[in-house]
Structure formats: C-alpha cells, structure tokens
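Given next are the chains, with one letter for each unit.
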Amino acid sequence: MTQHDVTATTATTDAAWRDAARPVDERVQALIAEMTLDEKLAQLYGVWVGASDDGHADVAPHQHDLNDDVDLDALLPSGLGQITRPFGTAPVDAAVGALSLVRMQERIVAANRFGIPAIAHDECLAGFAAWGATAYPVPLSWGATFDPALVERMAGRIGADMRSVGVHQGLAPVLDVVRDARWGRVEETIGEDPYLVATVGTAYVRGLESSGIVSTLKHFVGYSASKAGRNLAPVSVGARELADVLLPPFEMAVREGGARSVMNSYSDLDGVPSAGDRWLLTELLRETWGFDGTVVADYFAVAFLKLLHGVADTWADAAAGALEAGIDVELPTVKAFGEPLRAAVSAGAVPMSLVDTALERVLRQKVELGLLDADWSPVPSALQGVGATDAAAVRGTIDLDPPGNREVARELAERAVVLVRNDGTLPLGGGADDADGPAAPSVIAVIGPNADDPYAMLGCYSFPTHVVTQHPGVEMGIRIPTLLDAIRAEFPGNDIRHALGTTVDGGETEGLADAAALAASADVVVLALGDRAGLFGRGTSGEGCDAESLALPGAQQQLVDAVLDTGTPTVLALLAGRPYALGRAVAESAGIVQAFFTGEEGAGAIAGVLSGRVNPSGRLPVSIPSSPGSQPTTYLAPPLARASDVSNLDPTPAYPFGHGLGYSSFDWPAFEAEEDAIATDGAASVRVRVRNTGTRSGTEVVQLYLHDPVASVVRPVQRLIGFARVDLDPGAAADVWFTVPADLASFTSRSGERIVEPGELVLSVGRSSGDLVHAHTVRLEGPVRVVDHTRHLHPLVDVDLSPAEEATTA
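Residues numbered from 1 in each chain as written. Predicted model: local features only at pLDDT ≥ 70, side-chain atom pairs only at ≥ 80, totals over all residues. Heavy atoms only, no water.

When you go through the protein residue by residue, the secondary structure sums to 23 helices and 28 strands. At 27 Å, the protein has a C-alpha radius of gyration in line with the 28 Å of a compact globule built from 810 residues. Across its three principal axes, the protein shows a C-alpha extent of roughly 80 × 70 × 55 Å. Each of the 810 residues in the protein was classed as buried or not, and the buried ones make up 62%. Taking as baseline every contact in the protein between residues at least 6 positions apart, the subset at least 24 positions apart corresponds to 78%. When the accessible area of the protein is evaluated, it comes to approximately 27,600 Å², of which 50% is carbon and sulfur surface. Charge-centre separation for the protein: the mean point of 57 positive side chains lies 2 Å from the mean point of 106 negative side chains. (Helix = DSSP H or I, 4+ residues; strand = E, 2+ residues; numbered from the N terminus. Rg over C-alpha atoms; globule rule 2.2 N^0.38 Å. Buried < 20%, exposed > 50% of the residue type's maximum accessible area, 1.4 Å probe, protein only. Contact = heavy atoms within 4.5 Å. Areas by Shrake-Rupley, 256 points an atom, 1.4 Å probe, with all protein chains shown as cover. Lys, Arg positive; Asp, Glu negative; His and termini not counted. Charge placed at Lys NZ, Arg CZ, Asp CG, Glu CD.)

Okay, here's the thing in structure tokens:
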C-alpha cells in the first residue's frame, strides 16, 4: 500500500495508540500496524524549520546545505519526525517563536492522517539557544566549579525554559574528554579528566531530564581525540584509551543520568565511522549498557558516510549503513532516509525490520512525551492563558532571562573563576560591596582586547555568538556587561582607564606603546586577554576554530610583555575557551585569573574576584601549559608522557589539573586510613581533616587521586576518582571521608576485559593533581576480578564538621 492508496484518516481520539491508559509498547505497535512505508520513514528524519518574526515557520536558510530543496507541502502528508532548531535559527522574540512552533505543529498534525506532531529539538549547550534566553557559562566553566549539584540546578532551569515554549529535546551535554587543547571545541567540553566530565555531565543530564526535556549525549565517541586537534579530523585511539578515558562519561550518563538520546560522533574509530558502527551504537550502547532511547545523527552525519568517509557508494547505502548501525533519526534534514531509503526498502535491498526497529524507538519516545495522547495540545505552557493568536499580541509576553536564571548564572560564574596565581596583590579591595575593606589602588588600567567586548563572555554555541552575529544590526537580546563595565561598577570611586592594546587575533602592534604608557601611569593593571568565540574559522575558539599552538592568539603575548616591562603590578584576566601558555606572566605577573567564557554574569564574577567580594573557589578542569607547543598532552598521562632526561621537550604544565587558589588559607592537619589491605571486591576508607586557618569564609576542593604503581598494562601516574567541595567559616574544620570501592581501580586488561587485579594502590588526597598532601598505600588481595558496566563508579563521600569546631561555624 502506498501513500496514494490511503484516503481515510485514523487520527481519531479513540484509536488504540491514542489511549494513554494502554501500555506504551501496545500503543506503538498499534500505530505501526497502520502505517505505510512513507509514513514510517517520515518519522525517521527531521526538517530544519525556523521561527519567523511574523509568528510563522518555514524551511530555514541552512535547510539546503548538502541537500536538494525541501518541499514541506510534499513531505508533511506522510508526517515528520523532528523539527530542527525552531528557536536556534534566527533572532525572534520568544513568544513569537513559541507561536511559530505552535503553527508549525498544527500544520504537521493537520497534514498527516494520524495527527502525529514532531519532536522539536534545539541546542542548549550553555543555555537555551534562543534569542533573549539566559547565557550561562560554557561547560568548561562547569568543570571548573567541581560542583555537580549547581550544574544540575542550572540544567533544570534550562530545560524548564525550553519545555515552556514547546521544545522537547536538547542537544547537550558534550561528554568528550579533552585530549588536545588545540581542538576548537575544548570550550564545549567539561575538562581533561573522565571522572570530572562524567560526574558534572551526568548532573547536567539529570537536571535537563527532570524538566521533561530529552537530553542528548554527544559526541559518541572519540571526537575530541582528533589528530593535531583539528575539527572533524581522523582519530587514532586504542581500545584501552577508548574504554578507560573516552567512554566512561557516556557510560555514567546512560546509567545514572537517565539520558534518553545519544548523538554520534563525526569521527571514525579504527576506520569505522561512528554513524555506521554497529558495535558502538548497538552492541555496546544498547545491548551492553541497556540504553533504550533514540540515537540521532549529528548534522549531516548520515550523508557524510558517502561524502566524507567513503564507506557508502550511494545515498541508499548510507541510509542502510546508518540504520544497521543503530541510527534512528537523520538530522538536521531529510536526505538518505527519504527517497533513497524508500526505494531501497521497496526493492527489498534494505529489510523493513531495520525501519521498524528505529520507528519503534522514535514512536515510543513520542508516546512518553505525551505527543500521541488524545488530549495533546501544541500550545506550550508559556502561551496557555495568553489568549492571543497573532505575533503582535504575544510579543514580549515570555521572559527567558528572568532574575532566577541570572542568579544561577551568577553563582555558577563566581564558582567557575579560577585564581591561578597571586603574589599577594589580590584582592585589590575597595569593591562596591566592601566599603569597610582596604582601599583599592586609585588608578586601575584595564587593558586588552577582551576588556570592553560583551562577546568575550560567550562561547560559540551561545545564541548571540552562534546566530545574532550573522544578523548585523540585531541586538544581543540579553544584557551582558563587559569586564570594563563590571570593574567600573565594582570600583566606583576609582580612576578606571582603558586601552585596547591589540585585537584578539589581528596581530596589530601599533597600540602596544599606548597600552604600555597607560600601564606605567597606573597603580595596577588588569590585562584582559583570551579568545573570540566563533564558528568555522570566524573565531579563535569554537567549532572549526582550531589552534596551531597554544600561544595566545595574535599579538597578545607581545602585549603581555610590553605591559610587564613597565613594572606595574599586572593581573591577567583570561576570558577564553581553552588554556594558553602565558610566557613570562607565569613568573612575573601579580596574578592570573582564568575564566572560561563565564556567560552573561561572568564580568561581575571576575570583577568580584579582583576586588575580593568573591572568594574564588574554581579549579582548573584543564592544565595550563608551560609552552605553546607541548600538545597533545593532559595530566592523565603514564610515566613515558612526563618529563625525562632523554627528551629535550618538557610537557610539565605551568599549572596542573585541579589547581586553584582562594583568599582563605587551609591546612590539612590529619589523615588516616582504616585498611592496609582489602580484597579485590572490597573497599578502603581514608579520612582527611581540613581546617580554614584564614580570616574569611572559603571553599577548599578536596581531590582524591589513585596511583597504580605496578599493573599489567601501562596506567596513568595519577587519576582523579573523587572530590568534595568543603565550605568552611574561619577557624572551622571538617572531616572528609572517602570510601573507595576496589572497582575504581579497574582498567581494561590485555585481553580486553575490565579487571581489578591484586597489588598495591596509592590513594592520595590533594589540592590538585600536582599538590598531593597525604597518601596511603593499600594492598588489593585475592584473585583478578572481572567487572562490567554495573561496577561501582564513585567513592562514597561524607563531609562532617568536626565536633570540636561546630561552635565556630554556627
């Protein structure tokens, strides 16, 4: 039966698949039994439909990239699986965008005989990618907080905003582990350690899913391990690096986060593209880990099987390869899953069972989202009760950047700022909220390309950077102070002077002399450096904006040197998407403040750290290199990857993973362990006491590392396996207990199995991977034990205020 044979509609409220009281699978199978091939395939692709300023929606400008024109009128009678980026395509008022989506859904429902709406998906990497929505810090800043609970709160707010305007699925988080900091998408990652990425990323998933939004894990897997740090470049990783470094964040997010979608990586693993890798997408993800959601293609990834990877000769081959591997939905638009796949299935070249398997997953998700319920309405909660049906009447009625959002954005930004170096110059004092504190220097020179640019706070997937920059003359849509604005507000009684010096990457040197003269006339300099986020070469950080080396872009290092030559105390404020080598500043600057695109409240957070209003508690989620050419390297390295006498290259970082300072001082006066030996299926406990010996409240981040001195395969020298943020008032102390299951010592053996083997382990607690304060050696005894994805993934962490100190902290 073809589409033309169908004349009657079955979009009745009494159909079995409309009955919310029936089991999900029964509803899905009842619907599938009624569908033609064309109607089945229509559920397996999206179409890029963007909202317009008149409250309507149609094919978006990017719709035709790599594709022929798309005729919605011809497609919609068969239905539609997904709507691609209805809000993330053009700068449209939130309420008008919601109205556009309502009208598009009404059009889809009316056109297909089952009345099936589409799943609407959008980007939400650093906030909902919509005009006027809150711009939160980028994921690298999430990692810097070492605060999963706060990230979960943020994600919950992002999801609630998306759901309120009719979006169902968010394309986040990115769970790629940084392997080469030259890669442009480092800003989108959470850091260089798999445990940090896993715990923070899983918290984001929980937050998004708790709001009813389908979270999409990406990029599965290996994308960040590309050769030379180039975007969409070949990947060469061994099975052990894949299993022990790159896969664990996805494993945790599936198992503990409840993620309902996964997006494939563009890369290939040992010659097999992820979009066509059945072992990865079906055998591992579904059959081993038990994932039962949808796998959606990264944009154009199905077509890339033919165009880039050369593993498909025809569009039908690409479609068949992707379906067989486990891809359920082709995004962002229809190409291979349309007519090429229809013809192949009709000819018997592709079995209908592949189509039905993907279709079951897609329809199950639509049922679970309530889209097939008899009482489903396309009107989202934010428009309910408004009573208006035209763009002019609804415009301005939805606020996607309310005070509650900005408060969470502020809190996250403040916890993400990392004080990397301080010779005692910081805090400057005299902040707007610190009238009783020490006076700030009377003349503060704010110099540098990122001093007076609001975009310096934003990553490449923030809506203003991603979309607004492509629409000259359009306002950003949200209020984002520059660092210069924030410093003026933070130090209202001081003489704040400004000079550009040079641009981010233009290489200009004409302004260096004026910048140096201004620095020489000041009491202190704040030197605002770093990146400009962009896409595909339009920035120094972001997708397709890879770096040849980790030298500061353009003439920024020359600006650093010129300012340092004046002798004026100079604080570097780095607003960047990746770490950079800082040359002389490592030893000669008065301070270094690292901020990884800290969002709309980021400028105030940095200014607060400078004044002392904010006591910094951020920790480096990626190491800061000593030299520009030391890549690729991370702290997660075996002995041969460290400095040695047989190479003239020293990869030792200037500042290690986990490093960060504050304005409180802490000592760690006591450490004890309960066990010297445990079984290979046992657990060991260690306790460290942490005391605030300073004069102000502060936060210490206690980090737990594992060292395996002798193993049957090469292991990293240190590996983070747990952490705790400890907030203490002056004089207060806390006992931090870590109970460590032997499972956390597991690794991939020579045979490919994950094992826990007997032998010595060293458990260390420290302030960073390079500052380990206490250590205990415990011996694992008994047989080698094989473990799997059901193993323990965390230590048990317990933070107790010391009884003797409780009165001090009340």
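Looking now at unusual backbone geometry. For residues other than glycine, phi is negative in most cases, and the peptide bonds are mostly trans. Cis rather than trans, the peptide bond between Leu-331 and Pro-332 has omega equal to 5°. Position of Pro-332 among the secondary structure elements: in the loop between helix H12 (315-325) and helix H13 (339-346). Residue Leu-426 is joined to Pro-427 through a cis peptide bond whose omega torsion reads 0°. Residue position: Pro-427 is located in the loop between strand S11 (418-422) and strand S12 (443-447).

So, about the sheet that holds strand S23 (residues 747-748). Judged by pairing direction, the sheet is antiparallel, and its three strands sit side by side in the order S23-S24-S27 without closing on themselves. Edge positions in the sheet fall to S23 and strand S27 (785-787), since each has one partner strand and no second. Sheet analysis places S23 next to strand S24 (residues 754-756), joined by two bridges and oriented antiparallel. Along S24, the bridge assignment pairs Phe-747 with Ile-755. (Pairing = 2+ DSSP bridges.)

All chains considered together, the criterion is met by nine cavities of 30 Å³ or more. When its volume is computed, the largest cavity comes out at roughly 310 Å³. What lines the largest cavity is a set of 19 residues, and nearest its centre among them are Tyr-195, Pro-248, Arg-719, Arg-791 and Leu-793. Every element with two or more residues in the lining of the largest cavity is listed here: helix H7 (194-210), helix H9 (248-257) and strand S21 (719-728). (1 Å grid on protein atoms, 1.4 Å probe; cavity = no way out; pocket = protein on both sides within 12 Å on 5 of 7 lines; lining within 4 Å. Points joined across faces, edges and corners; volume = space filled by probe spheres on them.)

In this section: the nonpolar core. Counting 157 residues, the largest nonpolar core has Phe-128, Tyr-204, Phe-220 and Phe-337 as its most contacted members. The leading source of residues in this core is helix H4 (residues 94-111), at nine residues. Residue contacts for Phe-128: discarding those within four places in its chain leaves Phe-87, Asp-122, Glu-123, Ala-133, Thr-134, Ile-158, Asp-161, Met-162, Val-165, Val-167 and Leu-400. Core analysis: the next-biggest nonpolar cluster, separate from the first, contains 39 residues, Ile-487, Val-524, Ala-528 and Tyr-663 among them. (Core = buried A, V, L, I, M, F, W, Y, C linked by side-chain atoms within 4.5 Å.)

Now for the environment of Asp-328. Mapped onto the secondary structure, Asp-328 falls in the loop between H12 and H13. Given the relative accessible area of 0%, Asp-328 is considered buried. Between the C-alpha atom of Asp-328 and that of Leu-175, which follows or precedes it by 153 residues, the distance is 20 Å. Residues in contact with Asp-328, not counting those within four places in the same chain, are Leu-44, Arg-286, Gly-293, Thr-294, Val-295, Phe-337, Ala-358, Arg-361 and Val-362.

In this section: the confidence of the model for the protein. With 95% of its residues at a pLDDT of 70 or more, the protein has an overall mean of 94. Per-residue pLDDT stays below 50 along residues 803-810; that stretch engages in eleven contacts with residues further than four places along the chain or on separate chains. (pLDDT = per-residue confidence, 0-100.)

Okay, the pairing of strand S26 (residues 771-781) next. Note that strand S18 (residues 677-679) and S26 share three bridges and pair parallel. Counterpart to Ala-679 in the pairing with S26 is Glu-781. Two elements, strand S25 (residues 759-768) and S26, share nine bridges in a ladder whose sense is antiparallel. Bridging across to S26, Leu-763 finds its partner in His-776. Between S25 and S26, which pair antiparallel and follow one another directly, the connecting turn spans two residues.

Here four strands make up an open sheet; going across it, the order is S17-S19-S22-S28 and the pairing antiparallel. Here the strands that pair on one side only, and so sit at the sheet edges, are strand S17 (666-673) and strand S28 (796-801). Adjacent strand axes in the sheet meet at a mean angle of 20°, parallel and antiparallel pairs treated alike. Of the strand pairs in this sheet, S17 and strand S19 (residues 683-692) are connected by six bridges, and their pairing is antiparallel. Bridge pairing in S19 links Glu-672 to Arg-687. (Axes fitted to C-alpha atoms, helices over the stretch in contact; angles between N-to-C directions.)

Of all ten residues making up S21, nine are buried, and the element is well covered by its neighbours. As judged from the nine bridges shared by strand S20 (residues 698-707) and S21, these two strands associate in the antiparallel manner. Directly across from Gly-698, in S21, lies its bridge partner Leu-728.

Here the focus is helix H16 (residues 403-416). For H16, which comprises 14 residues, the first-to-last C-alpha distance of 20 Å matches the rise-based estimate of 20 Å (1.5 Å per residue) to within 8%. Turning to H16, its buried residues number three or more, namely Asn-405, Arg-406, Val-408, Ala-409, Glu-411, Leu-412, Ala-413, Glu-414 and Ala-416. Contact partners of the buried residues in H16: helix H5 (139-145), helix H6 (148-164), S11, strand S16 (591-595) and helix H22 (602-611). (Expected span 1.5 Å × (residues − 1).)

Let us now look at the pattern of salt bridges. Here the structure, examined in full by the defined rule, presents 47 salt bridges. One salt bridge in this structure joins Arg-395 and Asp-53, with 3.1 Å as the shortest N-O distance. Pair noted here: Arg-395 is in the loop between helix H15 (391-394) and H16 and Asp-53 is in the loop between strand S1 (46-51) and strand S2 (57-59), with a separation of 342 residues, a long-range link. Taking relative accessible area as the criterion, Asp-53 reaches 44% and is therefore assigned partly exposed. Between Glu-287 and Arg-278 there is a salt bridge; the shortest N-O distance is 3.8 Å. Because the salt bridges share partners, they merge into one network encompassing Asp-147, Arg-153, Glu-411, Arg-415 and Arg-725. (Salt bridge = Lys/Arg side-chain N within 4 Å of Asp/Glu carboxyl O.)

Take Leu-284: it is sitting in helix H10 (residues 278-288). Note on Leu-284: relative accessible area 11%, which makes it buried. When the C-alpha atoms of Leu-284 and Glu-251 are compared, they prove to be 9.8 Å apart, with 33 residues separating the residues in sequence. The residues contacting Leu-284, other than those within four sequence positions of it, are Phe-220, Leu-247, Trp-279 and Trp-289.

On to the packing of H12 against H13. Closest axis-to-axis distance for the H12/H13 pair is 8 Å, and the angle between their directions is 80°. It follows that H12 is roughly perpendicular to H13 by the angle criterion. Across the interface between the two elements, Trp-315, Ala-316, Ala-319 and Leu-323 from H12 touch Pro-340, Leu-341 and Ala-344 from H13. Broken down by class, the residue content of the contact of H12 with H13 amounts to seven nonpolar, no polar and no charged. (Parallel < 35°, antiparallel > 145°, perpendicular 65-115°, else oblique. Nonpolar A, V, L, I, M, F, W, Y, C, P; charged D, E, K, R; others polar.)

Moving on, we get to the environment of Arg-696. Within the element layout of this structure, Arg-696 appears in the loop between S19 and S20. Judged by its relative accessible area of 26%, Arg-696 falls in the partly exposed class. Linking Arg-696 and Arg-779, residues 83 residues apart in sequence, is a C-alpha distance of 40 Å. Apart from the residues lying within four places of it in its own chain, the contact partners of Arg-696 are Gly-612, Arg-613, Val-614, Asn-615, Tyr-663, Ser-664 and Pro-730.

Quick look at the packing of aromatic side chains now. Here a ring pair, both rings aromatic, is described through the centre-centre distance and the interplanar angle of the planes. This model, assessed by the stated rule, comprises 14 aromatic pairs. With 5.8 Å between their ring centres and 75° between their planes, Trp-17 and Phe-114 make a pair best called edge-to-face. Taken as a pair, Trp-17 in the segment before helix H1 (24-34) and Phe-114 in the loop between H4 and strand S4 (119-122) lie far apart in primary sequence, 97 residues in all. In this pair, the class of Trp-17 matches that of Phe-114, namely buried. (Phe/Tyr/Trp six-rings, centres within 6.5 Å; stacked < 30°, edge-to-face > 60°.)

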